[in-house]
There are 4 protein chains.
Amino acid sequence: MHNAKPLPTYLVQRFQGWKATSYAENSAWYRRLASEGQHPRAMIISCCDSRVHVTSIFGADTGEFFIHRNIANLVPPYKPDGQQHGTSAAVEYAVTALKVAHVIVMGHSSCGGVKGCLDMCSGNAPQLEEKSSFVGRWMDILRPGYDRVVERKPDDMARALEKESVLVSLENLMTFPFVRAAVESQDLSIHGLWHDIGSGSLECYDPKANGYVVV
Amino acid sequence: MHNAKPLPTYLVQRFQGWKATSYAENSAWYRRLASEGQHPRAMIISCCDSRVHVTSIFGADTGEFFIHRNIANLVPPYKPDGQQHGTSAAVEYAVTALKVAHVIVMGHSSCGGVKGCLDMCSGNAPQLEEKSSFVGRWMDILRPGYDRVVERKPDDMARALEKESVLVSLENLMTFPFVRAAVESQDLSIHGLWHDIGSGSLECYDPKANGYVVV
Amino acid sequence: MHNAKPLPTYLVQRFQGWKATSYAENSAWYRRLASEGQHPRAMIISCCDSRVHVTSIFGADTGEFFIHRNIANLVPPYKPDGQQHGTSAAVEYAVTALKVAHVIVMGHSSCGGVKGCLDMCSGNAPQLEEKSSFVGRWMDILRPGYDRVVERKPDDMARALEKESVLVSLENLMTFPFVRAAVESQDLSIHGLWHDIGSGSLECYDPKANGYVVV
Amino acid sequence: MHNAKPLPTYLVQRFQGWKATSYAENSAWYRRLASEGQHPRAMIISCCDSRVHVTSIFGADTGEFFIHRNIANLVPPYKPDGQQHGTSAAVEYAVTALKVAHVIVMGHSSCGGVKGCLDMCSGNAPQLEEKSSFVGRWMDILRPGYDRVVERKPDDMARALEKESVLVSLENLMTFPFVRAAVESQDLSIHGLWHDIGSGSLECYDPKANGYVVV
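Residues numbered from 1 in each chain as written. Chains lettered and ligands numbered in written order. Predicted model: local features only at pLDDT ≥ 70, side-chain atom pairs only at ≥ 80, totals over all residues. Heavy atoms only, no water.

- The name an unreviewed UniProt entry assigns to chain A is Carbonic anhydrase, from the organism Alloyangia pacifica.
- Looking at chain A in UniProt, the text filed under Function (unreviewed entry) is "Reversible hydration of carbon dioxide."
- According to UniProt, the comment filed for chain A under the heading Catalytic activity (unreviewed entry) is "hydrogencarbonate + H(+) = CO2 + H2O". (UniProt positions renumbered as here; feature names shortened; annotations may be inferred.)

**Topic: the relation of the copies chain A and chain B**
(1) Moving on: Under the fitted operation, chain A is carried onto chain B by 0.0 Å of movement along the axis and a turn of 180 degrees, and the coordinates agree to an RMSD of 0.1 Å. Both copies are brought into coincidence by an operation consistent with a two-fold rotation axis. Distance from the rotation axis, computed per C-alpha, reaches its smallest value in chain A at A:R69: 2.5 Å.
(2) Moving on: Looking at the interface residues of chain A, 99% of them are also at the interface in chain B, so both copies use one shared face. (Least-squares fit on C-alpha atoms with pLDDT ≥ 70 in both. Contact = heavy atoms within 4.5 Å.)

**Things to note about the layout of surface pockets**
(1) Moving on: The volume enclosed by the largest pocket comes to roughly 830 Å³.
(2) Moving on: For the largest pocket, the lining is made up of 31 residues, of which A:T9, A:Q13, C:S56, D:T55 and D:S56 are closest to its centre.
(3) Moving on: Among the secondary structure elements, those contributing two or more residues to the lining of the largest pocket are α1 (9-25) of chain A, α1 (9-25), α2 (27-36) and α3 (54-57) of chain C together with α1 (9-25) and α3 (54-57) of chain D.
(4) Moving on: The calculated volume of the second largest pocket comes to roughly 720 Å³. (1 Å grid on protein atoms, 1.4 Å probe; cavity = no way out; pocket = protein on both sides within 12 Å on 5 of 7 lines; lining within 4 Å. Points joined across faces, edges and corners; volume = space filled by probe spheres on them. Helix = DSSP H or I, 4+ residues; strand = E, 2+ residues; numbered from the N terminus.)

**With respect to the interface of chain A and chain B**
(1) Moving on: The interface is formed by 98 residues belonging to chain A together with 97 residues belonging to chain B.
(2) Moving on: In total, about 8500 Å² of surface goes out of reach between chain A and chain B, with carbon and sulfur atoms giving 64% of it.
(3) Moving on: Put simply, chain A and chain B have two salt bridges between them.
(4) Moving on: Counting across the chain A and chain B interface gives 34 residue pairs in polar contact (both at pLDDT 80 or more).
(5) Moving on: No other element matches the nine residues that α1(A) contributes to the side of chain A that touches chain B.
(6) Moving on: In the side of chain A that touches chain B, the residues fall into 48 nonpolar, 33 polar and 17 charged. (Buried area = accessible area lost by both parts, 1.4 Å probe. Salt bridge = Lys/Arg side-chain N within 4 Å of Asp/Glu carboxyl O. Polar contact = N/O pair within 3.5 Å; in protein donor to acceptor, adjacent residues only side chain to side chain. Nonpolar A, V, L, I, M, F, W, Y, C, P; charged D, E, K, R; others polar.)

**A few points about the packing of aromatic side chains**
To describe a pair of aromatic rings, you give the distance between the ring centres and the angle between the ring planes.
(1) Moving on: Enumeration according to the criterion identifies 42 aromatic pairs over all chains in this entry.
(2) Moving on: Here the aromatic rings of A:Y205 and A:Y212 are separated by 5.6 Å at their centres, their planes lie at 65 degrees, and the arrangement is edge-to-face. Note on accessibility: A:Y205 and A:Y212 belong to one class, buried.
(3) Moving on: Between C:W18 and C:Y30, the aromatic rings sit 5.7 Å apart at their centres with planes inclined by 80 degrees, giving edge-to-face as the arrangement. Of the two residues, C:W18 is situated in helix α1 and C:Y30 in helix α2; the sequence distance between them amounts to 12 residues. Each of the two residues, C:W18 as well as C:Y30, counts as buried. (Phe/Tyr/Trp six-rings, centres within 6.5 Å; stacked < 30°, edge-to-face > 60°. Buried < 20%, exposed > 50% of the residue type's maximum accessible area, 1.4 Å probe, protein only.)

This is the structure we're talking about:
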């Protein structure tokens, strides 16, 4: 692996700052986490987007959240075909090995992945339809959500589809036998959130209202 | 989606705290990020493990890092077969759409995924060999790394394989044509790190030394 | 321009060192900054003093801060008279063209400019009163601050006036219509800091306390 | 001053990192700088642009450089009219009070201020011609430079004018009697640089060649 480069200096400085402050103040806790292993309370599935860090929004302490981040916070349907499914592996590990009490899926405004799906499904992004487009094939997971928002006014569709990305993931989560079993035995609860970057607001899906309510 | 539950109260409280402090103090910045979109400098690929948050270690400001987190910070080889590859989609989006300047892969100590791979490859975890094991199939990506550490002393193997998980990912990254092209044109640099949870130390892969050096 | 001399050798050497390390490791980022332009998050107005570099104190990455430095970190009142106002031009560019989210004014201990103002206002520096004194005329901006500290004990006056230099600048900033509009629409926030060189401490102005609090 | 906000959290963290590392390792030096005052070797006049920090490029140690930063690194002509001239005040303080040995003016590629001047002088930015435009009036300083590049090919003009911004500043510096005297007595030397952000290269004005040479 001869292409790797040293860590950029600005990150070295920041790491040294963290080491001298946050780590130094909590080294006993870090050592205990290292020796005892992790016992996170919740799994959070959110987007890779640089503007949305659940560790900030929820003041995440080290050891609390098992966090999977992918494009558009999607969970594919259960499909044990022997192929590589990174998201399914993360869900399996969180629910069956770590036995988290919550799985939280969080979408957000201005999501580039959802925007791509919208363009693709409405015929405006033929390049995303190509077999070789990893983003396009990944966003196929959200196609069922598109069918549910296609009647909306054009201005409302992106936001509606962002919120559908959460619901599609929650629905797909329930297709995993070990998730369904844990939910039904009340060992696990699942939650759907949507975050607005600009206003800082957070909305939670409420099945009774069949919609999102502001937290 | 009738199974979703409200957000747990402890997270509601933390969100309200974030809203009243970090968000309130930086609302201008959040609004600008919402309207202008993201321009992250780096993509970071790290593990879902709850004890390792790069946002803390590198004091990540909102908007700086595009973060993909999966089990054992793995990147699969390039395989444009029309199937769903979440990690490949994230890499494609970061490099071709966001044009990040760095892709940083960070492994860590006490990695449960790597431990599972070690058990599986050494014949001690037959359940992970099953076709239906998402974790097992995901950890197949690391099998080439196992072959390189199998001669090690038993006590050293887990750590060695954690470090291999980074190198295998860097190698696989280079099989993506758009990654290779960007690295060769010097528009992108790739970096490999390994973090020790208990001691708080950070090591960076140095191709000249063919090993890791402490940052 | 026949008077210019070559770059001193010690600076040539340092530049070559930077080129071979920081630049080489981050060339992808520098090239992207060159092609995409700057999107700084904050404008910082600080003193020219060689002992106070906000780039160090805040670990400034390239591209993060738009930095204006003048004597005593002063902002003059809004005065669109067609004359040359370098500070006003910098504020105008940062707020209206770059749309920064923060303007941070930082003063510091042992400020020579503030000391000159104190001497001038207390009648001990007649040369600074002269029309031809650029420093004296520049420090006129701080005269309203002098009136607010004149009752202090002599030993406390310099420090008090340094802190006033920040507040006068914040007040003057709000006389610019485009600054006031951006603050009122919450697209911009303004911040006042004072840094102690010897102890390394940093204080932030808190309007509720009507004073500075240690960060 | 009731509008000021607390320091953004990400800067608090970075400051704490600096305090615990750079400051802690050098506290004796910082205390000495505080008690003895500054004795910088050089004054540097550079642009506010967030992509160009001379503190990085020249590995500036605390106490070495007295740095003035304004839009497009401009020095206006000597004009002791009793008005506020922030740049002239900085030059006066550096040369007559601090008695620096060098004044270095550094321009750079992709300069937004120079671009504005080019647009204004070629009739494409009428808003910059208005009396109320602080940026426009500030860039008037560079008009004599425009006349010297107007015959260039359109693609070359921006870069040529960036380099002229340095020469105009050096010429204007020499109109200050105390600068001219110090240069003529060889107590002061002046230097002109131009930095290319993307390639990281640095060029120095050479009066013998009447042009810039790569450092």
